[in-house]
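Chain by chain, the residues:
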Amino acid sequence: MLASTVMAIAQVGTIELGGGGLGTTNLGTTNLGTTNLDTTNLDEMQLREVNMPRRRLARFDFEENEDFPIELPAGWARVLSKAPAADSNPTTATTATGAPDLPDFGSVKSERATGRGEPSATNNRWALHFALNGASMAVSSTPEKIQITPGAQLTLTAWTRTRGLRHAGARVAIQYHDADGKPLGAPHTCAPMRSEGVWRELRVEPPVAPEHATSASVWLEVVQPKSLKDHEEARFQIVQHDVGGSVHFDDIEVWQLPTASFRASGIGVVEPGVPARLEIRCSDPAAQATSVAIRVRDASARTVYAAEHEVPATRPLESVLPVLPTGWYEAEARFSVGKEPIAFRRARFAVLPNDPFEPDEPPRFGASLGSGDLGTEAAVELARAAFVVLPIWEETTDTRTSRLELQRLRTKVSALLDRRIEPMFRIKAVPDAVARECRIEPDDTLALFALDESRWRPVLEPWLLAFGQQVEQWFVADQPVEAGREGLPARIDTLSRVLGTSIAGPAVGVPWWPGEALPTDIAGTIDAGRHTLEIVADASWRESAGEIYEGFPRGARGMVRIVPLPPGVVEDRERAIDIGLRAIDAWRAGFDSVSVDVRSDALPPIPGPPLELAAWRQVSTRLCGRRFVAEIPAGDGVRAILGDGPRGPVLVLWRDGVSNIDADAAMSGDAVTLDLGATAVDVTDLWGRMSRVEPTRDGHRIALGREVVFVEGVEREMLELRAGFRADPGFATARRAAQEGALVVANPWSTPMSGTLTIIAPDELGMSPKVHRFTAPPGGEARLPVSFSVPRRFESGPTIVRAVLEGETTDPFRATLEAPLEVGFREVSVEHAWRLARSIESGAVDLILTLRVTNVSDQPIDVEAYAVADGYTQNKKPISALAPGATAVRVFPFADGVRRLSGRDIRAGVHDADGDARTLRRIVIPALLPPQASVVEAGDESR
């Protein structure tokens, strides 16, 4: 039922009924980066467009009746039709205009002295009056009244006043027509409203006029609640109507605004060596031609092309770009007339090669579509999906016309199978009609399968019969199921049994929230039935890396769906990087299938390939069919992961915790040098940009930022050599006395390896001997004994043992190896905190350091806590007989610490006098005051 008063102007949509008329409003949907509305991100220039020139195409104030009064003004006609019969098809039982339930009830006529405004010589206040008599009513103008051109952006405004309405409402609509006067789609309408006796404005801003549009018509409507409901739905409901009431319309205007559209041709994917083409259209009512300045930037925001064109108002212009390297691009167009800007638009495209791709080999990467309205073309061509999850049931699915639903779905499934892409189905929601009949919520699909099989199987059966031999994987829900859901294993088994009547070996997919532990009964059901647990990794888990997958089935029994960050939370570039890193986490965890969640409201409104799907393509192309092998040590802040498969090895590289850097800047210093073999390697970044890197004496120098790069052509054995180098043991007690250890060199080759290992870091440990000659058997190891000591000034924590190996297998090689080594005091754990306090004696602000010392061994210990800083004498405080698991707290004041320690550090820790073991931490104090002159260092036993 309509609210008593509707104050706001509703959004514009498309009426669902065939050629036009009264119906419910359906807002446009985004199709993988493109929309049916010419929208883009708003910026300062776009906000100025509201003040741009516009032209009024028509005005209807009905004042012509003053000279020639007639019941309906010239060029207007009553729209009449009958409601569909009870046994008719509701999609066809309409008039030529498509309007249902418009009987010849009530009256429409011109009235004097009832319109808007004050009476004057030119305003006799004529208006069009609707007198209700229990039914919906409508009039429309003839198309020839409003002449337009394709691509025109129109705005319809009208004023209405209602009296005596409690259920019905007034609204207006505009409809496009071709040269023969035939409607082009349904009218575009606003929401019905009631004004309680005052004049209110109605506004419609439809999509731009389609290609063959030459005219438009205006609809004035009074709609009863029944006209806004589905015909079959209304048959079973009691709907209240207004028997009487009146509605006046006046001052109806149609305006044309400057219209600009800008997009890449096709879906925006361009083959290498082929020039990209940009389609430009601008219809300005104040000019015959418009100037447009085009600028194209790559993924690093560098300008790669710029040009200016004149765009005629009557036809689109195609701008052909020069051949561009592979990668993702964003183009901008600034439209102007003379020196006056009128519009700003952006478009995206990607130049992507047809790389080798094996969709049948796990691990595989795919796309999970959030709506059946989303097309599969971009998911296949751009995201390079090995599988696509299609929603077959949604709330709006009409199970009574399953033949039409199945035909649309069959077209998508056939297109996927033709490309060797596996289709999967998702029962996203219970269709409204089924949910009402079964008295369950539409989003609770599991509640449906808890009912007797006879209540839902007949509805699902047409889909089973149509696709049982083509689709094996069926997901039971869209949102994660509740871990404590009663009878969940039984529901999975029941659905699997029903699916098994039409499918050989069906697999039921169960969405799961990673924060819920998997009960053993559900885990057993999934394993026994060879079903799939789908981990829904939404954005809240983006910082947890691979930890969220612990405890869940991997391989074929596990699957991950990556849910991107919503647009606008971070920049599109960061959003795409986040998707890539989370996909790599899932790949490393060992899942056979990883998908990205694709929804219309989660994609940028800029026409062309979304950046996140361009990034997903690289993840899919480079990692499909390749399994995780090892993490390779690659230096501070650099992550290197080795994968391998039938297509050969790949090294995945990125920097942790840094912002993106430009490739040119990287080559001047922000790069990483790695020994990847004796030949050149191919480097592809997350946006598809490719380069070949030749080896140097020190290795391959690769530009590297936070964005992932994929390096192919690497020598797997050289990388496994780096991964196999280690210190044994991996923990060293921090004490000055000499201690023994070994460096282990693993030979990944199938031939003997001999060579010389030279230790180059860390110098402070004094490892000896520094040079070792060795021979390692095929697939074996060489242990190189070393002795070292840890000086008191050496900070506890992880350090890196770095060495240069000059070796030979079948060919000579040189590699820099790194092994992690933890240095500290194993028996204790130390936590610190500091605060500021004003001294009562001096008035200065002191710094108070607190150490919490915990005994993590199984024996009592005697230690002393200490703290010292430049300019202060070392302070020691004993801790005696600290029991296992117990914690002692010691406090160290630093007088006038705010002034003297601002921007400096405190060295603190724990010392075992008997065993000479200690832990040392450097606690950095931020700059609390402007820099001070240096102070003289006092005695410090930690040196």
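Residues numbered from 1 in each chain as written. Predicted model: local features only at pLDDT ≥ 70, side-chain atom pairs only at ≥ 80, totals over all residues. Heavy atoms only, no water.

Visitor: So what exactly am I meant to see when it comes to the overall build of the protein chain here?
Guide: Helices and strands together make up the secondary structure of the protein chain, namely 14 helices and 55 strands. On the protein chain, roughly 40700 Å² of surface is accessible, and the fraction owed to carbon and sulfur atoms is 50%. (Helix = DSSP H or I, 4+ residues; strand = E, 2+ residues; numbered from the N terminus. Areas by Shrake-Rupley, 256 points an atom, 1.4 Å probe, with all protein chains shown as cover.)

Visitor: Looking at this structure, how should I read the sheet that holds strand 29 (residues 507–512)?
Guide: Consider a sheet: its strands pair through backbone hydrogen bonds, and that pairing is either parallel or antiparallel. Strand order in the closed barrel formed by eight strands is 25-26-27-28-29-30-31-32, with parallel pairing between adjacent strands. Adjacent strand axes in the sheet meet at a mean angle of 30 degrees, parallel and antiparallel pairs treated alike. As judged from the two bridges shared by strand 25 (residues 364–369) and strand 26 (residues 387–393), these two strands associate in the parallel manner. When the sheet's bridge partners are listed, Ser 368 is paired in strand 26 with Val 389. (Pairing = 2+ DSSP bridges. Axes fitted to C-alpha atoms, helices over the stretch in contact; angles between N-to-C directions.)

Visitor: How should the packing of helix 4 (residues 402–418) against helix 7 (residues 453–467) be read in this particular structure?
Guide: To characterise two packed helices, one gives the angle between the axes of the helices and the distance between these axes. One way to put it is that helix 4 packs onto helix 7 with a least axis distance of 11 Å and a crossing angle of 35 degrees. By crossing handedness, the relation of helix 4 to helix 7 is classed as right-handed. Residue-level contacts link Ser 402, Glu 405, Leu 406, Leu 409, Arg 410 and Val 413 of helix 4 to Pro 462, Trp 463, Ala 466 and Phe 467 of helix 7. Residues that form the contact of helix 4 with helix 7 fall into these classes: seven nonpolar, one polar and two charged. (Left-handed = near helix turned anticlockwise from the far one by under 90°. Contact = heavy atoms within 4.5 Å. Nonpolar A, V, L, I, M, F, W, Y, C, P; charged D, E, K, R; others polar.)

Visitor: It is not clear to me how the sheet that holds strand 50 (residues 845–855) should be interpreted in this structure. Could you clarify?
Guide: Strand order across the open sheet formed by three strands is 49-50-53, with antiparallel pairing between neighbours. Bordering the open sheet on either side are strand 49 (828–838) and strand 53 (887–894), each of which pairs with just one other strand. The sheet shows a mean angle of 20 degrees between the axes of neighbouring strands, direction not considered. In the sheet, strand 50 pairs with strand 53 via eight bridges, with the strands oriented antiparallel. Bridge pairing in strand 53 places Thr 854 opposite Thr 887.

Visitor: How do you make sense of the confidence of the model for the protein chain when you look at a structure like this?
Guide: Should the pLDDT be low somewhere, the predicted coordinates at that spot are not to be read in detail. Averaged over the protein chain, the pLDDT score is 84; the fraction of residues at 70 or greater is 87%. Throughout residues 1–51 the model reports pLDDT below 50, and contacts reaching past four residues in sequence, or to other chains, amount to 151 contacts. (pLDDT = per-residue confidence, 0-100.)

Visitor: I keep staring at helix 10 (residues 572–589) and nothing clicks. Help me out?
Guide: The end-to-end C-alpha distance of helix 10, which contains 18 residues, comes to 26 Å, matching closely the 26 Å that a straight helix rising 1.5 Å per residue would cover. Burial within helix 10 is extensive, with 16 of its 18 residues counted as buried. Just downstream of helix 10, Gly 590 is the residue with a positive phi angle, here 100 degrees. (Expected span 1.5 Å × (residues − 1). Buried < 20%, exposed > 50% of the residue type's maximum accessible area, 1.4 Å probe, protein only.)

Visitor: It is not clear to me how unusual backbone geometry should be interpreted in this structure. Could you clarify?
Guide: Peptide bonds are, in most cases, trans, and in most cases residues other than glycine have a negative phi. Here Asp 728 and Pro 729 are connected by a cis peptide whose omega angle stands at 0 degrees. On the secondary structure map, Pro 729 appears in the loop between strand 41 (726–728) and strand 42 (731–733). A cis amide bond links Ala 761 with the next residue in sequence, Pro 762, at an omega value of 0 degrees. Note on placement: Pro 762 falls in the loop between strand 44 (753–761) and strand 45 (771–776). With a phi angle near 60 degrees, Arg 125 is a residue other than glycine that sits in the positive phi range. With respect to the helices, strands and loops of the structure, Arg 125 is situated in the loop between strand 7 (107–111) and strand 8 (127–131).

Visitor: How should I be thinking about the nonpolar core in this particular structure?
Guide: In a soluble, globular protein the nonpolar side chains are often hidden away together inside. With 91 residues, the main nonpolar core has Trp 474, Trp 512 and Tyr 549 as its most contacted residues. A per-element tally of this core places helix 10 first, with nine residues. With 39 residues, the next largest nonpolar core counts Ala 158, Ala 168, Ala 170 and Val 172 among its residues. (Core = buried A, V, L, I, M, F, W, Y, C linked by side-chain atoms within 4.5 Å.)

Visitor: How do you make sense of the environment of Ser 454 when you look at a structure like this?
Guide: Mapping Ser 454 onto the fold places it in helix 7. Polar side-chain contacts of Ser 454 include one of 2.4 Å to the side chain of Asp 452. (Polar contact = N/O pair within 3.5 Å; in protein donor to acceptor, adjacent residues only side chain to side chain.)

Visitor: Explanation requested: the pattern of salt bridges in the structure shown.
Guide: Two side chains carrying opposite charge are able to pair once their charged atoms lie near each other. What the rule picks out here adds up to 57 salt bridges. In this structure, the salt-bridge partner of Arg 689 is Asp 298, at a minimum N-O distance of 3.9 Å. In this pair, Arg 689 is assigned in the loop between strand 37 (681–685) and strand 38 (690–693) and Asp 298 in strand 20 (residues 289–298), connecting sequence segments 391 residues apart. For Arg 689, a relative accessible area of 16% corresponds to the buried category. Among the residues examined, Asp 298 registers a relative accessible area of 9% and is labelled buried. Arg 626 serves as the salt-bridge partner of Glu 712, at 2.9 Å between the closest nitrogen and oxygen. Taken together, the residues span a long stretch of sequence, with Glu 712 in strand 40 (residues 709–712) and Arg 626 in the loop between helix 11 (611–623) and strand 33 (627–631) at a distance of 86 residues. With a relative accessible area of 14%, Glu 712 lands in the buried category. For Arg 626, a relative accessible area of 3% translates into the label buried. A cluster of three or more residues bridged by salt bridges with shared partners is formed by Arg 56, Arg 59, Asp 61, Arg 116, Asp 251 and Glu 253. (Salt bridge = Lys/Arg side-chain N within 4 Å of Asp/Glu carboxyl O.)

Visitor: Whenever I open this one, a nonpolar patch on the surface confuses me. Can you help?
Guide: A cluster of nonpolar side chains, contributed by Trp 834, Leu 836, Leu 928 and Leu 929, occupies part of the molecular surface with about 300 Å² of accessible area. With respect to the helices and strands, the residue Leu 836 is situated in strand 49. (Patch = residues over 30% accessible without salt bridge, like charges linked within 9 Å, V, L, I, M, F, W, Y side chains within 5 Å.)

Visitor: So what exactly am I meant to see when it comes to the packing of aromatic side chains here?
Guide: The description of an aromatic ring pair uses the distance of the two centres, along with the angle that the planes make with each other. Counted under the stated rule, the structure contains 13 aromatic pairs. Consider the rings of Tyr 549 and Phe 591, whose centres lie 5.1 Å apart with planes at 70 degrees: the pair is edge-to-face. Taken together, the residues span a long stretch of sequence, with Tyr 549 in the loop between strand 30 (532–537) and strand 31 (555–562) and Phe 591 in strand 32 (residues 591–598) at a distance of 42 residues. The two residues Tyr 549 and Phe 591 agree in class, both being buried. Directly above the aromatic system of Tyr 872 lies the positively charged group of Arg 900, at a separation of 3.9 Å from the ring centroid. (Phe/Tyr/Trp six-rings, centres within 6.5 Å; stacked < 30°, edge-to-face > 60°. Lys NZ or Arg CZ within 6 Å of the ring centre and 35° of its normal.)

Visitor: Mind showing me how you'd approach the packing of helix 10 against helix 11 here?
Guide: For the pair helix 10 and helix 11, the least separation of the axes is 8 Å and the interaxial angle reads 25 degrees. Overall, the two elements helix 10 and helix 11 adopt an arrangement that is roughly parallel. Along this stretch, helix 10 crosses helix 11, giving a crossing that reads as right-handed. Across from Asp 572, Arg 573, Arg 575, Ala 576, Ile 579, Gly 580, Ala 583, Ile 584 and Trp 587 in helix 10, the residues of helix 11 making contact are Leu 611, Glu 612, Ala 615, Trp 616, Val 619 and Leu 623. Residues belonging to the contact of helix 10 with helix 11 are distributed by class as follows: ten nonpolar, one polar and four charged. (Parallel < 35°, antiparallel > 145°, perpendicular 65-115°, else oblique.)

Visitor: I keep staring at helix 9 (residues 520–528) and nothing clicks. Help me out?
Guide: The periodicity of an α-helix, 3.6 residues per turn, causes residues three or four positions apart to be oriented the same way. All buried positions along helix 9 are accounted for by Ile 522, Thr 525 and Ile 526. The buried residues of helix 9 occupy an angular sector of 95 degrees when projected down its axis, which confines them to one face. For helix 9, the exposed residues set more than 90 degrees away from the buried face come down to Thr 520, Asp 527 and Ala 528. Elements that come into contact with the buried residues of helix 9 comprise helix 8 (488–500), strand 29, strand 30 and strand 31. Downstream of helix 9 by one or two residues, Arg 530 has phi in the positive range, about 55 degrees. (Arc of directions from axis to C-beta.)

Visitor: Teacher, can you tell me more about the environment of Phe 788 here?
Guide: Looking at where Phe 788 falls in the secondary structure, it is placed in strand 46 (residues 781–788). Sequence separation between Phe 788 and Gln 739 is 49 residues; the distance between their C-alpha atoms is 5.6 Å.

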